[in-house]
Amino acid sequence: MASSYPKPEEKTLQALQDVANRLRIHSIRATCASNSGHPTSCCSAAEIMSVLFFHTMRYKPADPGHPSNDRFVLSKGHAAPVLYAAWAETGYIKEPELLKLRKIDCDLEGHPTPRLPFVDVATGSLGQGLGAACGMAYTGKYFDKASYRVYCLLGDGESSEGSVWEALQFGAHYELDNLVAIFDVNRLGQSEAAPLCHNTDAYRKRFEAFGWNTYVVDGHHVEELCRALWQASQHKGKPTAIVAKTFKGRGIPDVENADNWHGKPMPKDKLDFIINTIQSQIQTNKVLSIQPPAQDVPQISTGYIKMPSPPAYRIGEKVATRKAYGSALTKLGNVNSHVVVLDGDTKNSTFAEIFKQAHPERFIECYIAEQNMVSVALGCAARNRAIAFASTFGAFFTRAFDHIRMGAISQTNINLCGSHCGVSIGEDGPSQMALEDIAMFRTIPGCTVFYPSDAVATEHAVCLAANAKGICFIRTSRPETPILYSQEEKFEIGHAKIVRKSDSDKVTVIGAGVTLHEALAAADELAKQGIHIRVIDPFTIKPLDADTIISSARATGGRIITVEDHYKEGGIGEAVAAAVSGEPGILVQSLAVSGVPRSGKPACLLDMFGISAKSIIAAVKSTFAN
């Protein structure tokens, strides 16, 4: 392999070193201008960035989002100025723009976000870039079947994050030989040295143990970097890790490899001296040519997707919404070959396995690594290459909350399905019960929260999610529940359904999922006693149909009872209370799970926590009596 390595000419190597020093100068100037930022973290990565952007990567500088371009993910997002500097050196960013770093009217933010066309996923919450890069590489290798490669630059400090090791396992398992992870081992973290300091051999052994082809290089030696990146391109069947030994603040007198310079701009009175010192090492102004990509990425349709047929369920038939989710995905996948499904080793419980059976080539098993699953989904969906759905128990998305939060900053369109919500799952007990998930997803900007109450609504939720912008969350239930809606029923985001109504309704009851069926059972029993209630299915908890709720409340004496299989904090009750807060004379009573539950029969648990039909009847009578 080494004998055929096309070693660059000396003048090219010098030009790459000169670019690295120009990247340092840009980064130092930009962070000085903003009086904030991480110039030392940029300086350790300068040669890596120079070699990647001006020697190794194949892309169109004038069209950074082109689907055939090689991908780059800056996982150590605090080194954003060196990324912006690289794009300034390509000519895509005008150099004076760099001095507006971190200003309110400039898209060159403190950490990279997709406000910039050359950023696919937001980074800065450390440990997440490699998972997204895995998703991009998986998409390139198995879905696009294209030649673009994916490069991810990580810091040594962030390799303490467990999600990095989840991603390393994923990349090796799926033999992502189009993926290169470069670890900028500059020894120093934010407040002290990283645990392995400069022990590059320990990093090498760990990455090799995880199944990665691994090289250790001097991260400031451009030729060593060129060689390792070329070797990575030749190695088949494994992803490559490059352990680059570097020094934080490289090239800055008295700052290089010194403690307590993380996140600090250089003193303004030292700026000219520092710039002149680095400038004196630049020997050429040679313009390096950037190689274009092979344009072999297939065109895909990202237009509106429709289901091929209406839902095939009959009113009264009993079907769990979690099973309807798997069936709906399969129908959607039948009409669009870019629907892909991920799951965290729960596919026989979330029923994502129905999709896998129909479309195994578009199913990604992510195993029990929910953080990485969400990041992989982000990578799959980047540049609109896939319509991604990822599922697990709703409770287990809580451990991936930071990755979901970063997904919103990434402006991603991914769809997450959480099954096994609430105490209605029964005997498995509280560790398996999603009771915080509505609250969690309600806080995500632009997130649509679907809570379908039957299989028909679930099928519509899946189709609407596939076409929606932003993150979507679909909450599905374990118990089998009766079909409420006809095949012809229409559903829209933000539009509730009034499922029981009369002119003599005394109270409006709002339930969703299992509790909607409890509310209907309560309505039937109360009707026998001459008491009529209005029952509403919100369908989406966010956005909530405030108009329907308010008009129903006014028609029922201003009385609303919400009932939910979720903790009170952040759930449906609080969402409804917020929606009617400006309306005089409307009172909201919330029935919700109070305290940590326990194992038991679903019906017993619904009773124990006051969200069963019996509890709703008591609440209606109490409200009416008062």
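Per an unreviewed UniProt entry, the recorded name for the protein chain is transketolase, and the organism is Varanus komodoensis. Check the Sequence similarities (unreviewed entry) section of the UniProt entry for the protein chain; it says "Belongs to the transketolase family." The UniProt entry for the protein chain carries this comment under Subunit (unreviewed entry): "Homodimer."

Chemist: Can you walk me through helix H10 (residues 321-335) in this structure?
Modeler: Since the α-helix advances by 3.6 residues per turn, residues separated by three or four positions end up pointing in the same direction. If you check H10, its first and last C-alpha atoms are 21 Å apart, about what 15 residues at 1.5 Å a residue would give, namely 21 Å. For H10, the buried fraction is high: eleven of the 15 residues fall into the buried class. Inspection of H10 places Thr321, Arg322, Ala324, Tyr325, Gly326, Ala328, Leu329, Thr330, Lys331, Leu332 and Gly333 among the buried residues, and these make up the whole buried set.

Chemist: Even after reading the chapter, I still don't get the environment of glutamate 224, so can you show me in this structure?
Modeler: Positionally, glutamate 224 belongs in helix H8 (residues 222-234). As for glutamate 224 and valine 150, which are separated by 74 residues in sequence, their C-alpha atoms are 19 Å apart. In this structure glutamate 224 touches Val217 and Asp218, once residues within four positions along its chain are discounted. Side-chain polar atoms of glutamate 224 contact the backbone nitrogen of aspartate 218, separated by 2.8 Å.

Chemist: I would appreciate a short explanation of the packing of helix H5 (residues 129-143) against helix H13 (residues 370-381) in the present structure.
Modeler: Pairs of packed helices are described in terms of their axes, by the angle between the two and the distance that separates them. Interaxial distance between H5 and H13 falls to 6 Å at its minimum, and their mutual angle equals 50°. Put simply, H5 runs oblique to H13. Judged by the sense of rotation from one axis to the other, the crossing of H5 with H13 is right-handed. Judged by residue contacts, Gly131, Ala132, Cys134, Gly135, Met136, Thr139 and Phe143 of H5 engage Asn372, Ser375, Val376, Gly379 and Cys380 from H13. Here the residues of the contact of H5 with H13 sort into six nonpolar, six polar and no charged.

Chemist: Explanation requested: the environment of arginine 322 in the structure shown.
Modeler: Relative to the assigned elements, arginine 322 resides in helix H10. The sequence separation of arginine 322 and lysine 238 amounts to 84 residues, and the corresponding C-alpha distance is 36 Å. If we ignore the near neighbours within four places in the chain, the residues touching arginine 322 are Ser349, Thr350, Phe351, Ser419, His420, Thr476, Ser477 and Arg478. A distance of 3.0 Å separates a polar side-chain atom of arginine 322 from the backbone oxygen of serine 349.

What counts, and where the lines are drawn
Residues numbered from 1 in each chain as written. Predicted model: local features only at pLDDT ≥ 70, side-chain atom pairs only at ≥ 80, totals over all residues. Heavy atoms only, no water. UniProt positions renumbered as here; feature names shortened; annotations may be inferred. Helix = DSSP H or I, 4+ residues; strand = E, 2+ residues; numbered from the N terminus. Expected span 1.5 Å × (residues − 1). Buried < 20%, exposed > 50% of the residue type's maximum accessible area, 1.4 Å probe, protein only. Contact = heavy atoms within 4.5 Å. Polar contact = N/O pair within 3.5 Å; in protein donor to acceptor, adjacent residues only side chain to side chain. Axes fitted to C-alpha atoms, helices over the stretch in contact; angles between N-to-C directions. Parallel < 35°, antiparallel > 145°, perpendicular 65-115°, else oblique. Left-handed = near helix turned anticlockwise from the far one by under 90°. Nonpolar A, V, L, I, M, F, W, Y, C, P; charged D, E, K, R; others polar.

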